[in-house]
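Chain by chain, the residues run as shown.
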Amino acid sequence: MVPTTSYASSILRHGSPRRIGLRRRLLRGLLICMVAWTVLEVLYIHRLVSTADIVDARPAPQSERLFIASMHWNNEAILRSHWNDAVIELAKVFGPDNVFVSVFESGSWDDTKGALRELDASLDRLGVRRNITLSDTTHQDEISAPPGEGWIDTARHQKELRRISYLARLRNWTLRPLEDLSRQGITFDKVLFLNDVVFTVDDVISLLGTNGGTYAAACSLDFSNPPLYYDTFALRDASGDEHAMQTWPYFRSATSRHALYAMSPVPVKSCWNGMVAMPIDPFVSTPPLRFRAISDSLAQSHLEGSECCLIHADNPLSQAMGVYLNPRVRVGYNPAAYAAVHPTGAWLSLQHVTLALWENRLRRWMTTPSLKQLVVRRRISRWQDDHAGEEEPGEFCLINEMQVLADNGWAHV
Ligand SMILES: *[C@@H]1O[C@H](CO)[C@@H](O)[C@H](O)[C@H]1NC(C)=O
Ligand SMILES: *[C@@H]1O[C@H](CO)[C@@H](O)[C@H](O)[C@H]1NC(C)=O
């Protein structure tokens, strides 16, 4: 009989039947413990997550004064279907006197300008102050301009315009009205940065109330193609690390993960996922906090960092007040993505939670960010050797990439 033979040979190889029995019992015990632990952990976390909406049910609107900043490029569809209406609703709920809407659009191919003109007219009827700038400058115009600051030598033997320098300049534009307004004595409590996302007024109210309203920055979580979150370039966990995985529970840092499990504001070093609220003070101080890119000479060593991450590195409030990602506020770059992550119970099924907890654990055990970090650190050191006195406080933002603007978008080079 085959089983007997293999039993006998296994005794020969591994010792007495008694020790085998012990080992088996130990193994079985361990397995049972692991399964029990997983079941309890999953049930507990799933309960926390699926009851989060109930706890959070419709917070009272606050009467904060908001400076709303946003930039657009080829966003006609979402503007017409959701965004414009949401901004108008926001102005109504917060009060037309309590908001300023700053929009910068340039060079869209679709009728983004037409959609924004409609927004302009609607805000005018409501009596909302605003600055909606529609520029005809296209990407092609930008990359045909004479090189200057923000341009680098690429491997294609050309001088090309860096995507981040360009984006930082545009985002800066949306903040320009602040200077005039502040001279006129018009003040705000928060800046609300809005991407081209589907969002509701309740989402904004929840976002503003993140961590009891105390933060250097509070971000939503953004989805374009769920269950993957979208903006990986600007999200860094509490230890400054990139995500361990692009689906829930995302993070490597235990601090960030545990907050996420409880659906509490997640401490992070940087985030920029769809909507971001920040206290206005740093933006109207001297010198004012603004968007920037890393220096061209550092970018030349094939490093890049998002302007939306660097701003947290530069913000003097980040250390003391904290940057938080609010998992209760989830927005989408299209209606289907928004629907897929609402309500919270539907966002994370029991099965998803079970598999994801183990996937995250295995990824943390089997991968390390230190190799990537070493590359970044070395390049910064070498750069500092050649550029005495220069510093880059946003080291945690940097990745091994070079990004340039292209006529139809942008490119890795
Ligand atoms: C951003 O704005 C500040 C102040 O307005 C300006 O000094 C800086 O050059 C701008 N940066 C970019 C990248 O445009
Ligand atoms: C909008 O802001 C820009 C920059 O501050 C300014 O040049 C422009 O005149 C403003 N437009 C309106 C309509 O206020």
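Within each chain, residue numbers correspond to sequence positions counted from 1 in written order. All chains are assigned letters beginning with A, and all ligands numbers beginning with 1, in the order in which they are written. Owing to the predicted nature of the model, reporting of local features is limited to residues with pLDDT of at least 70; listing and counting of side-chain atom pairs is limited to 80 or more, with chain, interface and lining totals taken over all residues. As a convention, hydrogens and water are excluded, and side-chain values are obtained from all of the structure's heavy atoms.

As annotated in an unreviewed UniProt entry, the protein chain is Polysaccharide export protein from Aspergillus sclerotiicarbonarius.

1. With respect to the packing of aromatic side chains
Paired rings are identified among Phe, Tyr and Trp, the last through its six-membered ring, by centres lying within 6.5 Å, and are further divided according to the angle between planes into stacked (under 30 degrees), edge-to-face (over 60) and tilted (the rest). Counting across every chain of the model gives 15 aromatic pairs. On the numbers, 5.6 Å between centres and 70° between planes, the contact of phenylalanine 67 with phenylalanine 188 is edge-to-face. Separated by 121 residues along the polypeptide, phenylalanine 67 in strand 1 (residues 66–72) and phenylalanine 188 in the loop between helix 8 (177–183) and strand 6 (190–194) bring together distant segments of the chain. The pair phenylalanine 67 / phenylalanine 188 is uniform in exposure class, with both members buried. For the pair tryptophan 272 and phenylalanine 291, a centre-to-centre distance of 5.6 Å together with 85° between the ring planes defines the contact as edge-to-face. Taken together, the residues span a long stretch of sequence, with tryptophan 272 in the loop between strand 9 (266–270) and strand 10 (275–279) and phenylalanine 291 in the loop between strand 10 and helix 11 (296–299) at a distance of 19 residues. What counts as a helix is a DSSP run of H or I of at least four residues, what counts as a strand is a run of E of at least two, and both are numbered from the N terminus. Only protein chains enter the accessibility calculation, which uses a 1.4 Å probe. A residue is then buried if its area is under 20% of the maximum for its type, exposed if over 50%, and partly exposed in between.

2. A few points about the sheet that holds strand 1
With respect to topology, 9 strands assemble into an open sheet ordered 3-2-1-6-10-7-11-9-8, the strand pairing being mixed. On the outer flanks of this sheet lie strand 3 (129–135) and strand 8 (236–237), each paired with one strand and no other. Being paired, for any two strands, means DSSP has found at least two bridges between them. The pairing of strand 1 with strand 2 (residues 99–106) spans 7 bridges and is parallel. Paired with serine 70 across the strands is valine 103, a residue of strand 2. When checking whether two residues touch, look at their non-hydrogen atoms; a contact exists if any pair is within 4.5 Å. The axes are straight lines fitted to the C-alpha atoms, using for helices just the contacting stretch, and the angles between their N-to-C directions are given from 0 to 180°. Most of the contacts of helix 7 (residues 163–175) go to strand 1, to which it runs at about 145°, and overall it touches strand 1, strand 2, strand 3 and strand 6.

3. So, the UniProt feature "transmembrane region" (unreviewed entry) in the protein chain
Per the UniProt record, the feature "transmembrane region" (unreviewed entry) sits at residues 26–45. Annotated as residues 26–45, this span is 100% helix and 0% strand, and its ends, taken at the C-alpha atoms, are 28 Å apart. UniProt positions are given in the numbering used here, feature names are shortened, and annotations may be inferred rather than shown by experiment.

4. With respect to the site of ligand 2
A molecule or strand has a residue near it when one of that residue's heavy atoms lies within 4 Å. Near ligand 2, the surroundings consist of Asn131, Trp173 and Arg176. For ligand 2, whose accessible area on its own is 360 Å², the fraction buried by protein is 44%. In these tables, accessible area is a Shrake-Rupley quantity obtained with a 1.4 Å probe, and a residue counts as shielded only by the protein chains included in the view.

5. Some thoughts on a nonpolar patch on the surface
Exposure above 30% relative accessible area and the absence of a salt bridge qualify a residue for a patch, where like charges join within 9 Å and nonpolar side chains (Val, Leu, Ile, Met, Phe, Trp, Tyr) within 5 Å. Any carboxyl oxygen of Asp or Glu within 4 Å of a side-chain nitrogen of Lys or Arg constitutes a salt bridge here. On the surface, Leu31, Met34, Val35, Val39, Leu43 and Leu350 cluster together to form a nonpolar patch covering roughly 520 Å² of accessible area. No other element matches the 5 residues that helix 2 (residues 17–50) contributes to the nonpolar patch. By secondary structure assignment, the location of valine 35 is in helix 2. We classify valine 35 as partly exposed; its relative accessible area is 48%.

6. Quick notes on unusual backbone geometry
Note the cis peptide between proline 226 and proline 227, where omega equals 10°. Here proline 227 shows up in the loop between strand 7 (217–223) and strand 8. Omega for the bond connecting histidine 342 with proline 343 falls within 30 degrees of zero, at -10°, which places this linkage in the cis form. Structurally, the position occupied by proline 343 is in the loop between helix 14 (335–340) and helix 15 (344–347). Even without being glycine, tyrosine 250 reaches a positive phi, approximately 55°. Secondary-structure assignment places tyrosine 250 in the loop between strand 8 and helix 10 (254–261). Accessibility expressed as a relative area gives 0% for tyrosine 250, which makes it buried.

7. Some points on the state of the cysteines
Our working definition of a disulfide is a cysteine sulfur pair at a distance within 2.5 Å. Taken as a whole, this structure holds 2 disulfides when the rule is applied. Between the sulfur atoms of cysteine 219 and its disulfide partner cysteine 271 the distance amounts to 2.0 Å. Around the S-S axis, the bridge from cysteine 219 to cysteine 271 shows a dihedral of about 75° and counts as right-handed. Placement of the pair is cysteine 219 in strand 7 and cysteine 271 in the loop between strand 9 and strand 10, with a sequence separation of 52 residues. Residue class for cysteine 271 comes out buried when judged on its relative accessible area of 0%. Here cysteine 309 engages in a disulfide with cysteine 397; their sulfurs sit 2.1 Å apart. Here cysteine 309 and cysteine 397 share a disulfide; its torsion about the S-S bond, -80°, makes the bridge left-handed.

8. Quick word on the environment of threonine 368
Within the fold, threonine 368 resides in the loop between helix 16 (350–366) and helix 17 (370–386). Once the C-alpha coordinates of threonine 368 and aspartate 241 are considered, the two residues, 127 residues apart in sequence, prove to be 9.9 Å apart. Any pair of N or O atoms that falls within 3.5 Å is considered a polar contact. Within protein, one atom must be able to donate a hydrogen and the other to accept it, and sequence-neighbouring residues count only if both atoms are side-chain atoms. Polar side-chain contacts of threonine 368 include one of 2.4 Å to the side chain of serine 370.

9. Examining the nonpolar core
We define a nonpolar core as any set of buried Ala, Val, Leu, Ile, Met, Phe, Trp, Tyr and Cys residues linked to one another through side-chain atoms lying within 4.5 Å. One finds Phe67, Phe193, Trp248, Tyr250, Trp272, Phe283 and Trp347 to be the most contacted residues of the largest nonpolar core, which totals 51 residues. When residues in this core are grouped by element, the largest group, 4 residues, is from strand 7. Non-local contacts of tryptophan 272, meaning those with residues more than four positions away in its chain, are made with Arg171, Phe193, Asn195, Cys219, Asp222, Asp231, Ala234, Met278, Phe291, Cys308, Ile311 and His312. Membership of the second largest hydrophobic core comes to 36 residues, among which are Ile68, Val99, Leu119 and Leu207.

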